[in-house]
Structure formats: structure tokens, C-alpha cells
Amino acid sequence: MVQNVATRMVELEREDFHLLSGIEHGMRFSRWVAREKLPEFSRLDPGDIGYRIDRCMDRKLLEQKTVQYTGYRLTFEGYDALALRTFSERETIDGVGSPLGVGKESDVYEARSFRPLALKYHREGYTNFREVQKEREYTADNEHRSWLYTARKAAEREYEALETLYPNVSVPRPVDQNRHAIVMERIDGVELSRVKLEPEQVVGVLDLVLSEMAAAYEAGFVHADMSEYNVFVASDGVTIFDWPQAVPTEHANSRELLRRDIDNVFGHFERKYPSETPEIDREHVADAVAGGSFETVREFEL
């Protein structure tokens, strides 16, 4: 848990972070970093390595495996500690608060600062790395890709999308990114999946979601993973979040992914509000979203 890591940060010494950083460097080349490589990678005295390993193992920041050699790798808690230290050094945040959402591919926490922020740690690939490799294009260009690399690339992809889209698209304002972690504006609202709309609100909220998708397309991105679980609804509108799978509009499959996003959005509204959701030509809606001419779904009723 990130909160546990945050409380242990004060116990960690500079040399502990040198060891963690050294193992991070070594994991670029192999899944497990051989013990004899640690002095080279961490620039620590060989006589100090065992002590540092014990300290980090006790705090569950490292894992050990012995087969043909004794090797070490970071746990997600170890990777969390490195990112937290960087955010602290940059004075981006000064602490971690309560969980805002814990899922299969990311954990989100309150971030303590002078303004309301959220800290998101990507977890892609840690428990099911092979499956994520199949789904994420940024894992396909190299045979050796660890969960560490996959999670970092997901964070980089999402942060790039947020920087491009904000403020012209209603997404969380990006603040900082390091390794597999992102600091962003904390958004108030309720997930679309948990909102119970009044009949007269259904078409209006659907229009807001599609309008933001159109604005994102105009800005250069397709979300590529749209669902009722990554839209916040509030009194002042909607916010679309979770952009790690976003693809640029010049991507060969961007139009296909846009149509899939539209199908997912309509699928939710049709399941939850079958009487209030208009029957429309989705292909024409996709054309309008991609062309920047979308205004309301009523235009496309069959």
C-alpha cells in the first residue's frame, strides 16, 4: 500500500535509495538483478550492500530469488518509494492521504499539497504481465519488458495525453509525472456507472460525453478505453479520466478505436436507460465526432 510506503519514507536513508535506484537500473537488462552487480549499479561499497538489502527487504521494497544466482528486483512498493522521493524533492506533494480508488491497473490516493491533488500509481503488468503485453502497443517492440517498464510507459502515455488535452478537454489537470506515477488535479464527481440520471438528463449527459470525445479527437487523441467507469459526472459537467491507452488520431486504428469507444458509451446508456436513449446511427455519430461537427445525438436518430 502506498500509505505504508509513505510512512516508511522517513526511515529510509540516502544509501537505501541508492540501492533501490541501482536495482531499478539493473532491471532494464534483466528481470532479476544479480547480487554481484549491485555495487556497480548502486555505487555503494560492496561491504554495505548486505546491510542495505536487509533494510529494504524488511520494508518489503525488494524481492529476492535464488536459482542459478541470487537476484533482486523492486516490488511495486520499492518503485513507489522512488517516485515519492522524486515528488518530494520537487516539492510537488508533501504527503499521501486516503485512497480515492484502488483497481486492477492503478491505485489513486489523495496527495497532500496546498491544493487538492490526486496521486495515481500505475500497476499495469505486475500481476498479469503477459496479458497486458497483448493489449498495450507500447509493450510490443521489445521482448524483454518488465512490469516496471510497462507501468512507467502507461504513466508517460497518460501524462502526455493529459498535457495535450487540458484545458480544451475536460480532463484532470496534469501536475507532475515520475516513473509509474502521476500527480493531477483531484476531481469531484460521481462515476457515470454509479449515477442515477433523471429521464430528462439522459440525452444531455450523453451529449456532454460525446462532445468531450469530439474535443479530444480535435486535439489529437482517441481515448481507446471509454466506459462508464472513466467518466465523472458533476453539477458543472463531465470529466473523462484514465488515458493510458490513448492513441493519437494519426494512428492507423484510431477511427476503429473511436467507433469502439462510442459503442461502449451508447451500450451503457442503452442498458441503464433503454427508454430515454435515442436509437441512432453510430457510424454517423463517429463521423461527426471525428469531424468536429458533433452537437447532439438527436441529429442522428433513426
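First, a word on what this report is: a plain description of the structure on this page.

Cut-offs applied
Residues numbered from 1 in each chain as written. Predicted model: local features only at pLDDT ≥ 70, side-chain atom pairs only at ≥ 80, totals over all residues. Heavy atoms only, no water. Helix = DSSP H or I, 4+ residues; strand = E, 2+ residues; numbered from the N terminus. Expected span 1.5 Å × (residues − 1). Buried < 20%, exposed > 50% of the residue type's maximum accessible area, 1.4 Å probe, protein only. Pairing = 2+ DSSP bridges. Contact = heavy atoms within 4.5 Å. Salt bridge = Lys/Arg side-chain N within 4 Å of Asp/Glu carboxyl O. Core = buried A, V, L, I, M, F, W, Y, C linked by side-chain atoms within 4.5 Å. Domains from an automatic or database assignment.

A closer look at helix 2 (residues 14-26)
So, point 1. The first and last C-alpha atoms of helix 2 sit 19 Å apart over 13 residues, in line with the 18 Å expected at 1.5 Å per residue.
So, point 2. Considered for burial, the residues of helix 2 that qualify are Asp16, Phe17, Leu19, Leu20, Gly22, Ile23, Glu24 and Gly26.

Let's talk about the pairing of strand 12 (residues 237-240)
So, point 1. As paired elements, strand 11 (residues 231-234) and strand 12 share 4 bridges and run antiparallel to each other. Bridged to Val231 within strand 12 is Ile240.
So, point 2. In this structure, the hairpin formed by strand 11 and strand 12 is closed by a connection of 2 residues.

Considering the environment of Phe221
So, point 1. Here Phe221 shows up in strand 10 (residues 221-222).
So, point 2. Once the C-alpha coordinates of Phe221 and Glu250 are considered, the two residues, 29 residues apart in sequence, prove to be 8.6 Å apart.
So, point 3. Here Phe221 is in contact with Glu160, Ala161, Thr164, Leu165, Ala216, Ala246, Val247, Pro248 and Thr249, once residues within four sequence places are set aside.

Concerning the pattern of salt bridges
So, point 1. Taken as a whole and judged by the stated rule, the model has 27 salt bridges.
So, point 2. One salt bridge connects Asp16 with Arg55, and the closest N-O pair in it is separated by 2.8 Å. Here Asp16, found in helix 2, pairs with Arg55, found in helix 4 (residues 46-58); they are 39 residues apart in sequence, far enough to count as distant.
So, point 3. For Asp16, a relative accessible area of 0% puts it in the buried group.
So, point 4. For Arg55, a relative accessible area of 10% translates into the label buried.
So, point 5. Between Lys37 and Glu40 there is a salt bridge, with the nearest N and O atoms lying 4.0 Å from each other.

Quick notes on the nonpolar core
So, point 1. Leu210, Met213, Trp243, Ile262, Phe269, Val285 and Phe294 are the most contacted members of the largest nonpolar core, which totals 44 residues.
So, point 2. For this core, the secondary structure elements donating two or more residues are helix 7 (147-165), helix 8 (202-219), strand 10, strand 11, strand 12, helix 9 (254-272) and helix 10 (282-291).
So, point 3. Per-element tally for this core: the top contributor is helix 8, with 10 residues.
So, point 4. Here this core spans two domains, and each of domain 1 (6-185) and domain 2 (190-299) adds at least three residues to it.
So, point 5. Once residues lying within four places of it in the same chain are set aside, the contact partners of Trp243 are Arg157, Glu158, Ala161, Leu162, Leu165, Val171, Ala216, Val222 and His223.
So, point 6. In terms of nonpolar packing, the next biggest core, distinct from the first, is built from 37 residues, Leu20, Val33, Ala81 and Trp147 among them.

Read these as spatial facts, not as claims about activity.
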